[in-house]
Amino acid sequence: MRTWQAPEIPQLPGPQDGRRDPVVVHDSTTRGLVEAAPGEQARLYACGITPYDATHLGHANTYLAFDLLQRAWLDAGKTVTYVSNVTDVDDPLLERADATGVDWRDLAAEQTQLFRDDMTALRMLPPATWTGAVESVPAVVEAVQALLEAGAAYRVPVEPGAGGDAPELGDVYADLTADPDFGRVAGLDAGTMTALFAERGGDPQREGKKNPLDPLLWRRERAGEPAWDGGSLGTGRPGWHIECAVIARDGLGLPFDVQGGGADLLFPHHEMSTSHDRLLSGRGAEGAPRVHVHAGLIAYQGAKMSKSLGNLVLVSRLREAGVEPAAIRLALLAHHYRTEWEWTDADLAGAQQRLARWRAAAAAPAAGSGPTGGVLAAVRGALAHDLDAPAALGAVDAWAADPASDDPLLVAATVDALLGVRL
Ligand code: 5CA
Ligand code: ZN
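Residues numbered from 1 in each chain as written. Chains lettered and ligands numbered in written order. Predicted model: local features only at pLDDT ≥ 70, side-chain atom pairs only at ≥ 80, totals over all residues. Heavy atoms only, no water.

Draft legend 1. Molecular detail of the overall build of the protein chain. Broken down by element type, the protein chain carries 13 helices and 14 strands. For 423 residues, the compact-globule estimate of 2.2 N^0.38 gives 22 Å, and the protein chain sits close to it at 23 Å. With the C-alpha coordinates of the protein chain rotated into their principal frame, the extents come out at 80 × 45 × 35 Å. Counting the 423 residues in the protein chain, one finds 55% classified as buried. Across the protein chain, contacts joining residues at least 24 apart in sequence account for 77% of those joining residues at least 6 apart. When the accessible area of the protein chain is evaluated, it comes to approximately 17,100 Å², of which 51% is carbon and sulfur surface. (Helix = DSSP H or I, 4+ residues; strand = E, 2+ residues; numbered from the N terminus. Rg over C-alpha atoms; globule rule 2.2 N^0.38 Å. Buried < 20%, exposed > 50% of the residue type's maximum accessible area, 1.4 Å probe, protein only. Contact = heavy atoms within 4.5 Å. Areas by Shrake-Rupley, 256 points an atom, 1.4 Å probe, with all protein chains shown as cover.)

Draft legend 2. Broad picture of the coordination of the zinc ion (ligand 2). Those protein atoms acting as donors to the zinc ion (ligand 2) are Cys 47 (SG), Cys 244 (SG) and His 269 (NE2), and they sit at 2.1 to 2.2 Å. Classification of the site at the zinc ion (ligand 2) rests on its four donor atoms, whose angles at the metal span 101 to 118°, yielding the label tetrahedral. In the primary sequence, the donor residues of the zinc ion (ligand 2) line up as C-x196-C-x24-H. Taken together, the residues span a long stretch of sequence, with Cys 47 in the loop between strand 3 (41–46) and helix 1 (57–75) and Cys 244 in helix 6 (residues 240–252) at a distance of 197 residues. There is no split in this pair, since Cys 47 and Cys 244 are both buried. (Donors = N, O, S within 2.8 Å, 3.2 Å for Na, K, Ca; no water. Tetrahedral: all angles 85-135°; square planar, octahedral: opposite > 155°, others 65-115°.)

Draft legend 3. Structural context of unusual backbone geometry. A cis amide bond, omega -15°, links Ala 54 with the succeeding residue Thr 55. Structurally, Thr 55 can be placed in the loop between strand 3 and helix 1. Looking along the chain, the bond that leaves Phe 267 and enters Pro 268 is cis, with omega of 5°. Take Pro 268: it is sitting in helix 7 (residues 266–281). With phi around 55°, Gln 301 is a residue other than glycine that occupies positive phi space. With respect to the helices and strands, Gln 301 occurs in the loop between strand 12 (298–300) and strand 13 (303–304). Despite not being glycine, Asp 386 has its phi angle at roughly 55°, a positive value. Counting through the fold element by element, Asp 386 comes out in the loop between helix 11 (374–384) and helix 12 (389–400).

Draft legend 4. Quick peek at the environment of Glu 40. Along the chain, Glu 40 turns up in the loop between strand 2 (32–35) and strand 3. Relative accessible area serves as the criterion here: at 65%, Glu 40 is assigned to the exposed category. Setting aside residues no more than four positions away along its own chain, Glu 40 makes contact with Lys 78 and Thr 79.

Draft legend 5. Expanded view of the packing of helix 5 (residues 190–199) against helix 7. Axis separation between helix 5 and helix 7 bottoms out at 9 Å; the angle between their running directions is 100°. Classified by the angle between their axes, helix 5 and helix 7 sit roughly perpendicular to one another. Within the contact between the two elements, helix 5 uses Met 193, Leu 196 and Phe 197 and helix 7 uses Phe 267, Pro 268 and Met 272. (Axes fitted to C-alpha atoms, helices over the stretch in contact; angles between N-to-C directions. Parallel < 35°, antiparallel > 145°, perpendicular 65-115°, else oblique.)

Draft legend 6. Quick peek at the site of ligand 1. The immediate surroundings of ligand 1 are formed by 24 residues, with Gly 48, Thr 62, Thr 87, Asp 264 and Lys 307 found nearest. One of the side-chain nitrogen or oxygen atoms of Thr 50 is found 2.9 Å away from a nitrogen atom of ligand 1. The contact in question runs from a nitrogen atom of ligand 1 to an N or O atom on the side chain of Thr 87, over 2.7 Å. Of all the secondary-structure elements, those providing two or more residues to the shell around ligand 1 are helix 1, helix 6 and strand 10 (258–262). Tallied by class, the residues present in the shell around ligand 1 amount to nine nonpolar, twelve polar and three charged. (Near = heavy atom within 4 Å. Polar contact = N/O pair within 3.5 Å; in protein donor to acceptor, adjacent residues only side chain to side chain. Nonpolar A, V, L, I, M, F, W, Y, C, P; charged D, E, K, R; others polar.)

Draft legend 7. Molecular detail of the domain arrangement of the protein chain. Per the domain assignment, the segments making up the protein chain are domain 1 (24–295) and domain 2 (322–419). The centre of domain 1, based on its C-alpha atoms, is set 34 Å off from the matching centre of domain 2. Contact with domain 1, which involves 22 residues of that partner, is made by 20 residues of domain 2. For the pairing of domain 1 and domain 2, the buried interface totals around 2,000 Å² over both sides, and the portion due to carbon and sulfur atoms is 64%. Summed over the shared surface of domain 1 and domain 2, the number is three salt bridges. We note a salt bridge from Asp 75 to Arg 380, for which the minimum N-O separation is 2.7 Å. (Domains from an automatic or database assignment. Buried area = accessible area lost by both parts, 1.4 Å probe. Salt bridge = Lys/Arg side-chain N within 4 Å of Asp/Glu carboxyl O.)

Draft legend 8. A look at the sheet that holds strand 3. The five strands lie next to each other as 5-4-3-10-11, forming an open sheet whose pairing is parallel. Each edge of the sheet is formed by a strand with only one pairing partner; in this case those strands are strand 5 (129–132) and strand 11 (291–295). The average angle at which neighbouring strand axes cross in this sheet is 20°, direction not considered. Here strand 3 pairs with strand 4 (residues 79–86) via six bridges, running parallel. Each bridged residue has a counterpart across the sheet, and for Arg 43 the counterpart in strand 4 is Thr 81. Strands in contact with helix 7 are strand 10 and strand 11; relative to strand 10, the strand with the most contacts, it is inclined by about 155°. (Pairing = 2+ DSSP bridges.)

Draft legend 9. Looking closely at the sheet that holds strand 7 (residues 171–174). Read across the sheet, four strands follow the order 6-7-8-9 without closing on themselves; strand pairing throughout is antiparallel. At either margin of the open sheet sits one strand with a lone partner, and together these are strand 6 (153–156) and strand 9 (236–238). Each strand axis lies, on average, 20° off the axis of its neighbour in the sheet, ignoring direction. Direction of pairing for strand 8 (residues 216–220) relative to strand 9: antiparallel, over a ladder of three bridges. From the neighbouring strand, Trp 218 faces strand 9, where its bridge partner is Pro 238. Sheet contacts for helix 4 (residues 137–149): strand 6, strand 7, strand 8 and strand 9; angle to strand 8, the most-contacted strand, approximately 115°.

Okay, structure coming up:
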């Protein structure tokens, strides 16, 4: 898919003492801090939106975390490849289109464009490859066929009336017993896995499955649902987890460094897509993404901000109301990416005041002959330590209270390059 205009990133001077902290992040599997990308190349897959009711502040917060990660990597001199998807055909999207009497393709296209506009306004780095679920169909078909041939997937009979003119082919599910490492990403007990699977798009009760947790790989054609030619699989559409596994594999290769998303994706989505990665790579545990990073969920009016509940603050609405995107970024950056917090109007007001203070400080006369670069070192150090944006904002706040303490041009370049905020 076409992405969006990349923001310009000013080049920053290297550290004065030549020493850099490696960029470490919290890994959901080990529950500890690990180096996000040890090599010269940093490869990130962050799950994209399901395009309806985009872009709310929860989405923006999650994408901002991975934007910071890329900015920290780029500043460290790494080559960064970021790949993402758009789940442009899926049950909730089709249900919304049905409920509102809109063609699902129009809904997806319109919301994807809104997302592009929001991401551009928020100065988010675009992915190098951005693949829609619809675009991924041929690659998914091939992958599912390979899993079937390898004995890692099986067919499940469909109900009467389903399956177009070849109902006997059935839906296809992954056989989780083919992956001895299944469950390692989230490390949850069986009861929690089953509960979360049912809650988050899974079908533990589906008859004919070998294991209640086995995830759908290929859903055969159903009346009133879109379907594509699946060759030997028959007409149908991709399951959710295989979509991301195949898009990440084709965009980044396996294994890659970081798989990311909001905390609600840890299980089942990232557990399942990682399981698919192990089998698709042919390398078992060696083929899995090295690190799993999850952003905390933002609440609003007492509950997780979510499309299904409708308690949303949309970036596009704030922009329409004249709110500067830089203030939205600052409001989100005031909270560490892993915390769960509830958005209130005070978050925005605080960010607008902070932006005004920083701008006033940047416009103050340049510093005298004192040492400069303290803010850059502090912001760099804060981001390298699990993307600690609140600590980074604290360092800039301290300078804004005493603008002569550092070079305003260097501070402005730091804030632009590392935090994505233009003063
Ligand atoms: N298309 C799938 C991923 S393949 C999906 O989850 N789409 S989504 O539109 O529902 O969410 C997009 C991203 O925003 C995901 O990483 C999700 O975890 C994150 N997200 C959704 N709601 C919130 C929230 N309230 N707070 C923080 N992040 C959120
Ligand atoms: Zn995904």
